[in-house]
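Close look at the chain arrangement
Listed below, chain by chain, are the residues.
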Amino acid sequence: MSISTLIHKTRGGVHPPHRKHTAECETVQMPAPKTVIIPMLQHLGAPCIPTVKVGDTVEVGQVVADSEAAISAPIHCGVSGTVVGTKEILLQGGRTTMALVIESDGEGRVHSSVKPPVVNTFDDFIAAVRACGLVGLGGAGFPMHVKLNPKNLDEIDTIIINAAECEPYITTDYRECMENSWDIVSGVQTVMEFLGVKQVIIAVERNKPAAIAELSRIAASVSTSANRVTVKPLPARYPQGAEKVLIAACTGRRVPTGGLPADVNCIVMNVTSVAVLSRYLKTGMPLIEKRLTVDGSAVEKPMNVRVVIGTPIRDVLDFVGLKKPVRKLLFGGPMMGQALMNEDLPVLKQNNALLALAEEDAPDVAATTCIRCGRCVDACPMNLLPTAITKAYKAGNADELKRLCTMTCMECGCCTFACPAHRPIVQTIRMAKDVLRSVK
Amino acid sequence: MENTLMVSSSPHLHCGMNTRDIMRDVIIALIPSLIASVWLFGFRALAVEVVCVAAALASEYLSRKVMKRPQTVGDLSCIVTGLLLAFNLPVTVPLWQAALGSVVAIVVAKQMFGGLGQNFVNPALVGRVVLMGSFPDAMNNWVTPLAWTGQADAVSGATPLAMLATDAAAEIDPLSLLFGLRGGCLGETCAAALLLGGVYLVIRHVISPLIPTIYIGTVFVLTWILGANPVVHILSGGLMIGAIFMATDYATCPINKWGKVVYAVGCGALTVLIRLYGSLPEGVSFAIVIMNILTPLIERLTRPRPFGEGRKAVRS
């Protein structure tokens, strides 16, 4: 059996409109831009340090930045050309980082280091994952070589491949399933082999029946009684793909607050990450390109584009075309994506969508008083009391914030989405978490 | 275009519902009972309802104005309060008393505590309780339904609960109770119309079915155990309107699931205790008001255990 139907009950969640307009749009390759901007921070962890100088010639697939820190990942160049400068850029979320500016010569010469890695042992495998520059492509950007090498590796019994894609609009993982399903499965087999894990669950929301059919067809051909690969269709409910919710729905296990999936003997990998890893092992081409869903009410023709990492957003928007003035520009989906301040930022490794919303999709509605309807409480997947947290924050009561387990909040935004009074609940909880971080 | 980009913290999507939509749904759910009240008690019922709603609207508007607060008449919540109060009055109530009840409900119980969502007891129930204390005669004058058509005796007296208290229980027909053919307040007698509204509210996700079902269920079970007639008890008095429309008031009922359960059981138990052992024939208003006051305490004692807290990760 390649489809497993037992779903463990999870609470809360909301049903935002799917808006997966680009689901059937075959990925379009965007030509490499004239200039790429490569920030030193494209992952969770320590920023990288450039390994090239201004004036150096670089080629496709060459490492241009790396770090010796444990939690970090090398960064590669996606074009051939010359490093023309460095500049400080302000990333979404308010952090600043240094970035390399590389001018392309348009020739696309591939660097001599790009060749399939020799992988025989577990250590070779982890070294290869690191050399690929792979980070969690679902959005968080956690370095993959760290994720695949937890302290309790011998206790890990389940790998969950996250293809839930619960954010509205985004279809990049769905396209990966439809276009490169064999890459996914061969990546899954490799990971199973080197980590010695016997069970892999590929989790997909039920609103993607074609992906479920495709994945279960090939999962059935590789699944054995000793190494089980199953596809698990999950209810289409946001935030089904959030790591903790996903693990609970697939296995019934609950990751403790502040803990990692490895604490409940699971590893969660994004589906595109697995496919990228599989392609790297075959070709040696590291992570230099990313599929982006470009959509939103201001976009002329919503589509999935494959772009070189470091391509400025302005170029991506020019490529797909706009039909209306952009009021809000988002990296990621509308539920957890970050609003951008300008179009100068480049596409990063962990980006999976670029949404250009017109005026009508970016309303500025004034909040009214809380009527205690409890919709935020019903919507919270973490079983918190969002409205009580906001009240404790306004009262400046840090003890009460602790009692309400404020740090458990994963900022999915279900509370704000569901609030009929349009109160900025999750936004207030973010500030409450800052209060708790500062009193610690 | 650089300067026109709007930056805000996620989420960037909203369900699209607002407070006014919720209040409009509650008003829609009250319409069957409104029609039933006019059918049962004649056009004076409509007069009482119009006076209560008008007084509630005026009180809301003026108190916000006097307090120099943002105007909130538009959220329609005062219309709900006015209607619910009217539904809790007998048809013969003097109109000025009906208006006074609305003023007390809106000004004293609601606006003086900060307006919508801030009141600690249900405003309409405060209005009713104040009127019952101030004008007991006018508030206990029950007219036989359909008397206004001339087909039934205009003289009347006892409500089913009063009859139960005086051992006249055998005369009560449950089916006539279901359609409201009994003495009582304007909106409370026709259980069928109230249930229709309740089903609408549950389907529209305005209220959770927990409170009404557990409240009514508790009354049914307890009266049965204590030897009374459970069917007559759940169809009599203000239980239906109380359980569906008053006990479910957002501001004054617990916000979490187990809190709602405890609260509803408490409402049911108090209602039965007052009905069977108290000196009053009816106890719904007082039961709900008492449980309203206990709501913060119930919430504190029934806090949900957040995901991944407490016991270490639960294995399947």
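Only a predicted model underlies this, so the values are computations on that prediction, with no experimental measurement involved. (Residues numbered from 1 in each chain as written. Chains lettered and ligands numbered in written order. Predicted model: local features only at pLDDT ≥ 70, side-chain atom pairs only at ≥ 80, totals over all residues.)

Bringing the environment of Q71(B) into the picture now. All names here are of chain B. Relative to the helices and strands, Q71 is located in the loop between helix 2 (43–66) and helix 3 (77–87). For Q71, a count of 10 C-beta atoms within 10 Å gives the class exposed. Spatially, the C-alpha atom of Q71 lies 14 Å from that of T19, the residues being 52 residues apart in sequence. (Helix = DSSP H or I, 4+ residues; strand = E, 2+ residues; numbered from the N terminus. Buried ≥ 20, exposed ≤ 12 C-beta atoms within 10 Å, placed from the backbone.)

All names here are of chain A. With respect to burial, strand 2 (residues 35–39) is a largely interior element, 4 of its 5 residues being buried. Judged from the 5 bridges that link them, strand 2 and strand 8 (residues 96–104) form a sheet pairing that is antiparallel. Paired with V36 across the two strands is I102, which belongs to strand 8. (Pairing = 2+ DSSP bridges.)

On to the domain arrangement of chain A, then. Residue and element names in this part refer to chain A. As far as domains go, chain A holds domain 1 (150–283) and domain 2 (375–439). The centre of domain 1, based on its C-alpha atoms, is set 30 Å off from the matching centre of domain 2. Taken together, the contact between domain 1 and domain 2 spans 7 residues of the former and 7 residues of the latter. A class-by-class count of the residues in the side of domain 1 that touches domain 2 yields 4 nonpolar, 2 polar and 1 charged. (Domains from an automatic or database assignment. Contact = placed C-beta atoms within 7 Å. Nonpolar A, V, L, I, M, F, W, Y, C, P; charged D, E, K, R; others polar.)

All names here are of chain A. Strand order in the open sheet formed by 6 strands is 1-14-13-17-15-16, and the pairing between neighbours is mixed. Each edge of the sheet is formed by a strand with only one pairing partner; in this case those strands are strand 1 (28–29) and strand 16 (338–339). Of the pairings in the sheet, the one linking strand 15 (residues 328–331) to strand 17 (residues 353–357) comprises 4 bridges and is antiparallel in character. Among the inter-strand pairings, F331 is bridged to a residue of strand 17, identified as L354. Across the face of the sheet, helix 3 (residues 172–179) comes into contact with strand 13 (289–295), strand 14 (303–308) and strand 17 while running at roughly 120° to strand 13. The sheet strands contacting helix 8 (residues 313–320) are strand 13, strand 14 and strand 17, and the helix crosses strand 14 at an angle near 140°. (Axes fitted to C-alpha atoms, helices over the stretch in contact; angles between N-to-C directions.)

Here we take up the packing of helix 3 of chain B against helix 5 (residues 123–134) of chain B. Residue and element names in this part refer to chain B. With their axes 8 Å apart at the nearest point, helix 3 and helix 5 run at an angle of 35° to one another. For helix 3 against helix 5, the interelement crossing comes out right-handed. Between helix 3 and helix 5, the contacting residues are T81, L84 and L85 on the first element and P123, A124, G127 and R128 on the second. The class makeup of the residues in the contact of helix 3 with helix 5 is 4 nonpolar, 2 polar and 1 charged. (Left-handed = near helix turned anticlockwise from the far one by under 90°.)

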